[in-house]
Amino acid sequence: MRQLNPRETQIAIKEIKDYFERKLSEKLNLIRVSAPLFVTPKSGLNDNLTGVEKAVSFEMRKYNEKIEIVQSLAKWKRLALKWYGFHIGEGLYADMNAIRPDEILDNIHSIYVDQWDWEKVIGKSDRTTDYLIKIVKDIYDVFKETERYINNLYPKIFTHKLPEDIKFITTQELEDLYPNETPEKREHLITEKYGAVFLSKIGRKLNSGKPHGTRSPDYDDWNLNGDIIFWNPTTNAALELSSMGIRVDEEALKEQLQIADAEERKSLEYHKQLLDGELPATVGGGIGQSRICMFFLEKKHIGEVQASVWTEEILQECRENNIFLL
């Protein structure tokens, strides 16, 4: 089957991004806003991810002020909803670009991250599993619409890959299914079986005594979060497209900071506002732009849809396999 050449790929990338962005904003009632590339450490706004990644930082030399490149906009978005006067049922999204120098490079991991970061105001009564499932189904509809759109543009090139429905499963249910497998292998097996999976409740220890994965304690509620994962037939592997969740309230933040041994964060500006009840209840997440393009354009390497830096070993391997990196 013919593949798009590099120039055609660039055109198709824009088609996918423009269409997905428009449909996501319509489905979730979001407007696009400008977002920061960097924040101050003392603001507490940067995303700590799993807690071990170190943010890229620099100094404003004329002002003796340390600045960090954002790792995601998880906390900033919630503040922005308050600043801009958003109401229940309304939300925002932004193009987020980040640098993650601790990343281990492979065909789906790059030190350059591009995603849509979105956030929406909800009522406190919406902090439920049922509401989370509704939001996930809405987002999955956008994925399916995007697949139909790009496949219609290139009918002789791309195939139908997504099932009609997305499978919902918790990390504990997944561990019970495959108790002797690693978390990565479990995701591989369940996604290969169902094609599209929302894996929920990531962060807490499971019955085995180990968590499925780590999550920063100060934005997602570990009982109300999860990842959207697709089976990618091009690479024969599971591919995470989105991490999202209903955000912590005051009690969930206190508990999760204690579990993570990170209670010193309570003194940061963002955390103080949250604990004082000054921030709206929200749901939000990030959706990987390059990974979406990689999936729908049936590329074997994320470097085929984004420009980044790769090791000589990776470059040589791609040359040997006729993979064109941008």
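Here's what I pulled together on the structure shown here. (Residues numbered from 1 in each chain as written. Predicted model: local features only at pLDDT ≥ 70, side-chain atom pairs only at ≥ 80, totals over all residues. Heavy atoms only, no water.)

In this model, the largest pocket occupies a volume close to 1400 Å³. For the largest pocket, the lining is made up of 47 residues, of which R100, H109, R215, E240 and R291 are closest to its centre. Secondary-structure elements contributing two or more residues to the lining of the largest pocket are α2 (74-83), β6 (112-121), α5 (183-194), β9 (220-232), β10 (237-247), β11 (282-288) and α8 (289-296). Top contributing element to the lining of the largest pocket by residue count: β10, with eight residues. Tallied by class, residues from the lining of the largest pocket come to 14 nonpolar, 17 polar and 16 charged. (1 Å grid on protein atoms, 1.4 Å probe; cavity = no way out; pocket = protein on both sides within 12 Å on 5 of 7 lines; lining within 4 Å. Points joined across faces, edges and corners; volume = space filled by probe spheres on them. Helix = DSSP H or I, 4+ residues; strand = E, 2+ residues; numbered from the N terminus. Nonpolar A, V, L, I, M, F, W, Y, C, P; charged D, E, K, R; others polar.)

What follows is about the nonpolar core. Of all hydrophobic cores here, the largest spans 52 residues; its most connected members are W118, I139, F143 and L297. Among the elements that make up this core, the one with the highest residue count is helix α3 (residues 129-153) (nine residues). Residues V39, L79, A80 and L81 belong to the second largest nonpolar core, which totals 24 residues. (Core = buried A, V, L, I, M, F, W, Y, C linked by side-chain atoms within 4.5 Å. Buried < 20%, exposed > 50% of the residue type's maximum accessible area, 1.4 Å probe, protein only.)

Here we take up the packing of aromatic side chains. Within the structure shown, the criterion is met by eleven aromatic pairs. Look at Y19 and Y149: their rings are 4.1 Å apart centre to centre, the planes differ by 5°, and that puts the pair in the stacked class. Pair noted here: Y19 is in helix α1 (residues 6-28) and Y149 is in helix α3, with a separation of 130 residues, a long-range link. Taking relative accessible area as the criterion, Y149 reaches 24% and is therefore assigned partly exposed. Taken together, a centroid distance of 4.9 Å and an interplanar angle of 80° make the contact between F143 and F230 edge-to-face. Here the residue F143 occupies a position in helix α3, and F230 occupies one in strand β9, the gap between them amounting to 87 residues. Look at F143 and you get buried, because its relative accessible area is 1%. (Phe/Tyr/Trp six-rings, centres within 6.5 Å; stacked < 30°, edge-to-face > 60°.)

A few words now on the pattern of salt bridges. Applying the stated criterion to the full structure yields 24 salt bridges. Put simply, R215 and D227 hold a salt bridge, and the shortest N to O gap is 2.6 Å. In this pair, R215 is assigned in the loop between β8 (196-200) and β9 and D227 in strand β9, connecting sequence segments twelve residues apart. When sorted by exposure, R215 lands in the same class as D227, which is buried. A single network of salt bridges, built from pairs that share partners, joins K77, D117, E119, D220 and R247. (Salt bridge = Lys/Arg side-chain N within 4 Å of Asp/Glu carboxyl O.)

What follows covers the side chain of R247. Secondary-structure assignment places R247 in strand β10. Classification of R247 by relative accessible area gives buried; the value is 3%. From its side chain, R247 meets the backbone oxygen of G284 in a polar contact 3.4 Å long. (Polar contact = N/O pair within 3.5 Å; in protein donor to acceptor, adjacent residues only side chain to side chain.)

What follows deals with a nonpolar patch on the surface. Side chains of L37, F38, F58, M60 and Y63 sit close together on the surface and give an oily, nonpolar patch of about 510 Å² of accessible area. Within the secondary structure layout, F38 lies in strand β2 (residues 38-39). Judged by relative accessible area, F38 falls into the partly exposed class, the value being 42%. (Patch = residues over 30% accessible without salt bridge, like charges linked within 9 Å, V, L, I, M, F, W, Y side chains within 5 Å. Areas by Shrake-Rupley, 256 points an atom, 1.4 Å probe, with all protein chains shown as cover.)

This part takes up α8. Note: α-helices contain 3.6 residues per turn, so residues at a spacing of three or four share the same orientation. Among the eight residues in α8, eight count as buried, and that is most of the element. When α8 is considered as a whole, its buried residues turn out to be Q289, S290, R291, I292, C293, M294, F295 and F296. After α8 finishes, the residue E298 shows a positive phi value of roughly 55°.

The analysis is restricted to geometry; functional conclusions fall outside its scope.
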